[in-house]
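Here is what each chain is made of, one letter per residue.
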Amino acid sequence: MNNSVQNRFLAIVCGALLLFVAPLFVLFLFLSSERADKEIRDHISVLLVANAQALAKPLWDLDEDSVAQISATVVSQGAIVKVQVRDQSGQLDVTQSTIPKSFGGELVQVSRAIIYNTVDGPKNLGTISVFYPALGLFSGLKHEEIVFMSIFIFAVLTVFSSALIGNRIFIIRPLMRLIAATEATRQLGSRHHVDWHSNDEMGRLARGFNEMQSKLEREEQELKLAHRRAIDIYDLTPAMLFSLDEDDRITAVSDYWLVATGYERPRVIGSRFTDLVTSDTREAFLNRKKDGGTAVDVTVKFLCADGRLMDVLILESKAATGGHDMLSLSVMTDVTELKASEARNHRQAISDHLTGLLNRQGFETVLDGKIGEADAAGQELACLFVDLDRFKWINDNLGHAEGDRALREFVDRLKAHLAPSDVAARLGGDEFAILLPAKDAARRAAVMAEQIASIFHEPFGADLHLSASVGIAIYPRHATTAAELLQKSDMAMYAKKRDGKNGAQLFDNGMLDHARARAEIETCIETGLAEGWFDAYLQPIVHLNGRGIAGFEALMRLNHPQKGLMPPAEIINVAEETAKIVRVGNVIMEKAIAHLARISKLAGMQDSYLAINFSPLQFEAALPARLAALLGRHGIRPERIVVEITEAVLMHNNPEIRMIVSELRRFGCRIALDDFGTGYSSLSYLNRFPVDIIKIDQSFTRSINDVNEDVRHKSRMLVESITTLSHKMDCTVIAEGIETEEECRTLCEMGLDYGQGYLFHRPQNAAQLIEQLTVVKLEVARAS
């Protein structure tokens, strides 16, 4: 192997000799042999001519001795080794031979006819044949030729030897040194140089090799320095760094990683990283490769050497190395505190800070899971929607601190009735939800409703009694999804609220009809506000003596293009529940004042007043300014406006409402207390608020002539007492809902000032009312 170049060179030279020199040498030998053979043949030809003539006479005479003597003479000539003389008749056959017995070569025969000239002419007496050995390539060479060939062969061998020696000295030797330097570099790792100096190609090759070795040596030093720096950076970086191979085996770890995890480097190098990850997060770590990106991240639980668990975020980057392998570098960050903080934040996000129960977000999340569990267990799931009755009164009258205390106490009492599988949540305010999984969820829910009712047997404070309205919906009887289950339990709760509160109501499909009707009303309200379907109808208020019109009450009406006038009570209830009553009230107030301005142009109507009903939600800080602007725009004096409020407004005992009512009073508007006598403490309101007008509820008006004497007597006493008390407080009294002449006469006898009802006028739109008033004025004018 070391002499492979020299062997190839020798093969090339030998090939050249065989291809060029050997053919020439063979050609020279062949030509020499041909020349020698021709000379022999020429000599034999001459010899045969002479001897053929000499043998003619003896052969004619059949003188065998003479023939033998002549043949012996011929066989001794030159290269001839055998002579044979025969006559034509076959009587004479003389053969002379000098061929040794050991001769095994080929003989060349040359024959000539023996002719004898007789009187009758020449006659062929027989033949003489001579034999000589066939010449080889070398047998025909002369001395001079042998000398020439020797010189030629010597010259060829000299050139061949010189080429071998030159190749050995100028090619093989530097190559061997180059190979030795290369092998030394490969085996020893150090950079060896070639000790060879010349100006030829081998010298340039040696210099190039030495320069390359020097450059590689410098680059190796730089790489070693860079590698040392990289290792230092890898180990000194205050981060947990590690590297993995394609099989997720650890190939390197930083010192900081070892310090943070407590492991020793020999123990972890070569081990699988998944062995250091808990089983519940191992799958997540293995699935990170499915992303297929060069940079991935995953959060797992890492098992430290001392057995403690550490939540770690692993950021892994990969890069191709030029082959099939990938270079991996991962940064492991301890996020245990962060995960704990996230868990706390998550608990806070799904928990109610006041009661510790789940909040709405947490409840909706758990609800989906509970439905799945119920399906898996073949059970039902009851959802109880609980709303505390009169809780708003506690906040408004006793303060939010007392309300919060009541909520916490309610939850404490509720928890005593919950099973481990039950889930309770505070959805907001005084609304709660409870999930009860059971085979017969309806029965379980009914039992829980009774237990909730028992919670309120004991007061929540001094004379602080509460109750709850509970709506119940069952999965999958009433709902197929979590949202639908919660919605239908909510609908059942509102149905119970409408039926009188304090109790439980199981959902039925009739509630859907009510919900659809409510949604339709809500849509009508929104569309009515946008399209101008709302109008202020006016019902005159008359003097009971003389029945002259003193003023008008503005009543909200929604005139649907297809349905016509819609029932106002349902619209007001939905508008108050959806907080759209403020927008509706502002529209009615604007239109009513505009109608009053038109009516004021009629004769005798310049001093008539306008009573406007206000919802509690309408008492905003901007209300006085808005009302003042409308009155100024239409030129109406403030004292012609009566602000009607109900006991529901006053029950809030809201300082802001009280301030707004007082500001309207100072502005010049009068205050009317509507539906008087139907609340809890009407008399106290007369003392606490600046009331100008008392409107007795129509329920009293109907009962003053009741067929039941006891009812009739008590009703008349109440109406008379309210009237007397109101007059002593300088308040005007108006009776609502007068429909018969008998009712009007009785109320007039009791001393009431004004009345309104179908007996006098029905609510009408402004155009009809103005037309009617105009006709009445004309009839009065004609009569007078």
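Data block above holds the structure.
Since the structure is predicted, the reported quantities are computational estimates derived from the model, not experimental observations. (Residues numbered from 1 in each chain as written. Predicted model: local features only at pLDDT ≥ 70, side-chain atom pairs only at ≥ 80, totals over all residues. Heavy atoms only, no water.)

## Here's the deal with the nonpolar core
Formed by 70 residues in total, the largest nonpolar core has its most connected members in Ile525, Phe534, Ile593, Ile599, Leu610, Phe619 and Leu752. Core analysis: the next-biggest nonpolar cluster, separate from the first, contains 31 residues, Phe391, Phe432, Ala445 and Ala449 among them. (Core = buried A, V, L, I, M, F, W, Y, C linked by side-chain atoms within 4.5 Å. Buried < 20%, exposed > 50% of the residue type's maximum accessible area, 1.4 Å probe, protein only.)

## Remarks on unusual backbone geometry
Look at the link from Tyr475 to Pro476: it is a cis peptide, with omega at 5°. With respect to the helices and strands, the residue Pro476 is situated in the loop between strand 13 (467-475) and helix 13 (482-498). We note that Arg390 has phi near 65°; this positive angle belongs to a residue other than glycine. Phi is positive for Asn502, close to 50°, though the residue is something other than glycine. Counting through the fold element by element, Asn502 comes out in the loop between helix 13 and strand 14 (503-506). Taking relative accessible area as the criterion, Asn502 reaches 52% and is therefore assigned exposed. (Helix = DSSP H or I, 4+ residues; strand = E, 2+ residues; numbered from the N terminus.)

## As for a nonpolar patch on the surface
On the surface, a cluster of nonpolar side chains totalling about 300 Å² of accessible area is made up of Leu27, Phe30 and Leu31. Looking at where Phe30 falls in the secondary structure, it is placed in helix 1 (residues 4-61). (Patch = residues over 30% accessible without salt bridge, like charges linked within 9 Å, V, L, I, M, F, W, Y side chains within 5 Å. Areas by Shrake-Rupley, 256 points an atom, 1.4 Å probe, with all protein chains shown as cover. Salt bridge = Lys/Arg side-chain N within 4 Å of Asp/Glu carboxyl O.)

## Focus: helix 13
Between its terminal C-alpha atoms helix 13 stretches 25 Å, which fits the 24 Å expected from 17 residues at 1.5 Å a residue. Among all positions in helix 13, only Ala482, Leu485, Leu486, Lys488, Ser489, Met491, Ala492, Met493, Ala495, Lys496 and Lys497 are buried. Residue Thr481 occupies the N-cap position of helix 13, its side-chain oxygen lying 3.2 Å from the main-chain nitrogen of Glu484. Just beyond helix 13, the residue with positive phi is Gly500, at close to 125°. (Expected span 1.5 Å × (residues − 1). Polar contact = N/O pair within 3.5 Å; in protein donor to acceptor, adjacent residues only side chain to side chain.)

## Points about the pattern of salt bridges
Applying the stated criterion across every chain yields a total of 30 salt bridges. Close ionic contact of Asp440 with Arg477 constitutes a salt bridge, the shortest N to O distance being 3.3 Å. Taken together, the residues span a long stretch of sequence, with Asp440 in the loop between strand 12 (431-438) and helix 12 (441-455) and Arg477 in the loop between strand 13 and helix 13 at a distance of 37 residues. One salt bridge in this structure joins Lys563 and Glu520, with 1.8 Å as the shortest N-O distance. Of this pair, Lys563 sits in the loop between strand 16 (549-560) and strand 17 (564-566) while Glu520 sits in helix 14 (residues 510-531), placing them 43 residues apart in sequence.

## Details of helix 2 (residues 64-75)
Given a rise of 1.5 Å per residue, 12 residues ought to cover 16 Å, and the 16 Å separating the end C-alpha atoms of helix 2 matches this to within 8%. Those residues of helix 2 that sit buried are Val67, Ile70, Ser71, Val74 and Val75. When helix 2 is viewed along its axis, its buried side chains cluster within an angular range of 135° and face the same direction. Exposed residues lying more than 90 degrees from the buried face of helix 2 are Asp65 and Gln69. (Arc of directions from axis to C-beta.)

## Some details on the sheet that holds strand 13
Strands sit in the order 11-12-10-13-14 across an open sheet of 5 strands; the sheet is mixed. Two strands close off the open sheet at either side, each with one partner strand: strand 11 (423-428) and strand 14. Along the sheet, successive strands turn relative to each other by an average axial angle of 20°, direction set aside. Where strand 10 (residues 380-389) and strand 12 come together, 8 bridges link them in antiparallel fashion. The residue of strand 12 that forms the bridge with Ala382 is Leu436. Each of strand 10, strand 11 and strand 12 is contacted by helix 11 (residues 400-415), which is oriented at about 10° to strand 12, the strand it contacts most. (Pairing = 2+ DSSP bridges. Axes fitted to C-alpha atoms, helices over the stretch in contact; angles between N-to-C directions. Contact = heavy atoms within 4.5 Å.)

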